[in-house]
Amino acid sequence: MKKCERWRSYELTLVGPATGNPFVDVQLFGIFRHEGFRIKVRGFYDGDGQYKVRYMPEMLGEWEVTTESNSTELNGQVTSFECVPATGDNHGPVRVQAKTHFAYADGQPYMPFGTTAYAWTVQSEARQVATLKTLAENKFNKIRMTVFPKNYSYNTTEPKMYPYEGAPKKTETTFTFDSWMLKPEDIGFDFSRFVPAYFKHLEQRIQDLDQLGIEADLILFHPYDHWGFARMGAKFDKLYLQYIIARLGSYKNVWWALANEYDLMALTGQKPLKAWDKIGEWIQEEDPSQHLASIHNWYDPPQHKGSAANWYDQTKPWITHLSIQTDSLYTVPTWVNEYQKPVVIDECRYEGNIEFGWGDNTAQGMLDSFYRVVLRGGYATHGETYIDRPNTTRSIWWAHGGVLYGESQQRINFFKQLLDDEHFGYVVPYATEGPHWELAAGASADEQKVLVYFGENQAEFEVFDFLPADHDYTVKFVDTWNMTITNSDLIINNHDMFQLPKSEGQALLLTLKK
């Protein structure tokens, strides 16, 4: 009997009709049964007469699979497999834990430390290999990436392969408003016919990421498009979602990001705001493994729930966590408390030097955002947008992947290692309003450790009245830029003032004194 490790992808392959348009003419489902459990999973056409059904089993033991299809060749096939225990670094998919945090399915804590390389999977093979090497050398455990190619400033080279049969009729060299306004006669693709090789390549890269312990935060739609993929309409949007979820939904490291800047797509006439409700519902209906799902904004988010007309209703049941673009990082605790969901600041400006305000942050600024977001109870995502490193190309990590040339990632690695070493499974934020508005402070899950971040502030004296009463803490000085941790003789509590050495980018690691 075939065996499949728990939380891995079980695949059933069948031979069926290859004539007509199998992507729409043939319906295939697998009925998976284990003891009293039953689930119906959509299959897909993989080209050359090959059909597949994939599923990520979670319950150990024997499973039976029966196919249902409108094709007699595919209907009524019966097989079985055994789900065996997970091994090695297989901790299962990431899920929400304790309402506002994350953990793997086996209970191991997961703190997303993300990065951004939108269109890395449609670059040259050499650049893709370099991207994986760079990721292996750093501690990022989530990457934001698009399914479709992207057309925008510094990212205008046509991909060698497209997700649909056909060819582009418009090939602007730069992203323009006209490319938003494509007419049907300008679209050269048949949205009813996928190119399986395009998606096979994407799923191979997702598996490569899984080998590195990295979650693939897959952006399903985005506005930076001159091919028509952003404006296919409800009929083909649904067909696309059914296909990609059938193909990729069995991979444990997949997250669904409905959109990059969903509201910009509405503003430019690519998708009405009301379309996102249906898209979210379709994903929830189609995904048998119920992966994490989010929707990402362009407009500044409201300071409080529901206070902006264009702000998507993040209380929708299919939204597992907030994916937010903002540099108003003081509001993170407000969103965490109001929505009672994890908050991921997926864009808080990038380290780089391009002409856009979102892409000209310093390395210190990028690092500062990570400390402030994480210690306030959220999670942060990195990006790099240097246009002159190296000056022989115009390739940028944020768009193309490749190599990181900045200075923040090393310090972000240090921060992640610090939290891991000190057993911060997640951060319990401490309120630092009033006299402490400039601080970011949070405790470990068991509240035995506290990390307080000062950033650019260099007070001579401090009193941490936000600490629990009747507790004494030992102190280590953390230099977040030079990546050092120094012991001290200092003992602090929640009522006595203490003196600090002046040092920009300083943090204090407090340990509860026994």
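The rules we used
- Residues numbered from 1 in each chain as written.
- Predicted model: local features only at pLDDT ≥ 70, side-chain atom pairs only at ≥ 80, totals over all residues.
- Heavy atoms only, no water.
- Core = buried A, V, L, I, M, F, W, Y, C linked by side-chain atoms within 4.5 Å.
- Buried < 20%, exposed > 50% of the residue type's maximum accessible area, 1.4 Å probe, protein only.
- Contact = heavy atoms within 4.5 Å.
- Helix = DSSP H or I, 4+ residues; strand = E, 2+ residues; numbered from the N terminus.
- Expected span 1.5 Å × (residues − 1).
- Arc of directions from axis to C-beta.
- Pairing = 2+ DSSP bridges.
- Right-handed = clockwise from strand over helix to strand, strands pointing away.
- Axes fitted to C-alpha atoms, helices over the stretch in contact; angles between N-to-C directions.
- Salt bridge = Lys/Arg side-chain N within 4 Å of Asp/Glu carboxyl O.

Caption draft 1: Looking closely at the nonpolar core. One finds F32, F221, Y240, W276 and L451 to be the most contacted residues of the largest nonpolar core, which totals 123 residues. If we skip the residues at most four places from it in the chain, F32 touches Y10, F37, R38, I39, V41, V53, Y55, W63, E64, V65 and F81. Counting 19 residues, the second largest nonpolar core, distinct from the first, contains L439, A443, F498 and L500.

Caption draft 2: Quick look at helix α2 (residues 125-136). If you check α2, its first and last C-alpha atoms are 17 Å apart, about what twelve residues at 1.5 Å a residue would give, namely 16 Å. Listing the buried residues of α2 in full gives Q128, T131, L132, T134 and L135. Within α2, the buried residues cover an arc of 160 degrees as seen down the axis, which keeps them to one side. Away from its buried face, by an angle of more than 90 degrees, α2 presents the exposed residues A126 and K133. Buried residues along α2 sit in contact with β12 (113-116), β13 (142-146), α4 (196-211) and α10 (397-400).

Caption draft 3: Main features of the pairing of strand β16 (residues 215-221). Most of β16 sits out of view: seven of its seven residues are buried. Pairing of β13 with β16, which is carried by five bridges, proceeds in the parallel orientation. Counterpart to T146 in the pairing with β16 is I219. In the classification by handedness, the crossover that spans β16, the intervening helix α5 (residues 234-248) and the parallel strand β17 (residues 254-259) is right-handed.

Caption draft 4: Molecular detail of the sheet that holds strand β7 (residues 61-69). Taken in spatial order, the five strands of this open sheet run β1-β8-β7-β3-β4, and their pairing is mixed. Looking along the sheet, the strands with just one partner apiece sit at the ends: β1 (2-5) and β4 (37-42). Neighbour-to-neighbour, the strand axes of this sheet turn through a mean angle of 30 degrees, independent of strand direction. The pairing of β1 with strand β8 (residues 78-84) spans four bridges and is parallel. The partner of K3 across the bridge, within β8, is E82.

Caption draft 5: A look at the environment of A234. Summarising the element assignment, A234 is placed in helix α5. Taking relative accessible area as the criterion, A234 reaches 52% and is therefore assigned exposed. When the C-alpha positions of A234 and I279 are compared, they lie 8.5 Å apart, and in sequence the two are 45 residues distant.

Caption draft 6: Looking closely at the pattern of salt bridges. As enumerated under the stated definition, the model contains 29 salt bridges in all. E137 is paired through a salt bridge with K133; the nearest N and O atoms lie 2.5 Å apart. On the basis of relative accessibility, which here comes to 53%, the residue K133 falls in the exposed class. Two residues, R372 and D368, come together in a salt bridge whose shortest N-O distance is 2.8 Å. Of the two residues, R372 and D368 both sit in helix α9 (residues 363-375), four residues apart, roughly one turn of that helix. Each of the salt bridges in this network shares a partner with another, and the network as a whole consists of E11, D46, K52, R54, K200, E203 and R247.

Caption draft 7: View of helix α8 (residues 332-339). Burial in α8 covers these residues: V332, W335, V336 and Y339. Projected down its long axis, α8 shows its buried positions confined to an angular sector of 100 degrees, all on one face. Each element contacted by the buried residues of α8 is listed here: β19 (322-325), β20 (343-347) and α9. Q340 sits one or two positions beyond α8 and adopts a positive phi of about 50 degrees.

Caption draft 8: Inspection of the sheet that holds strand β6 (residues 50-55) at higher detail. Read from one edge of the open sheet, three strands run β2-β6-β5, paired in antiparallel fashion. Looking at strand neighbours, the two that pair on one side only are β2 (10-15) and β5 (44-45), the edges of this open sheet. Looking at chain direction, β5 and β6 are connected through two bridges and run antiparallel. If you follow F44 over to β6, its bridge partner there is K52.

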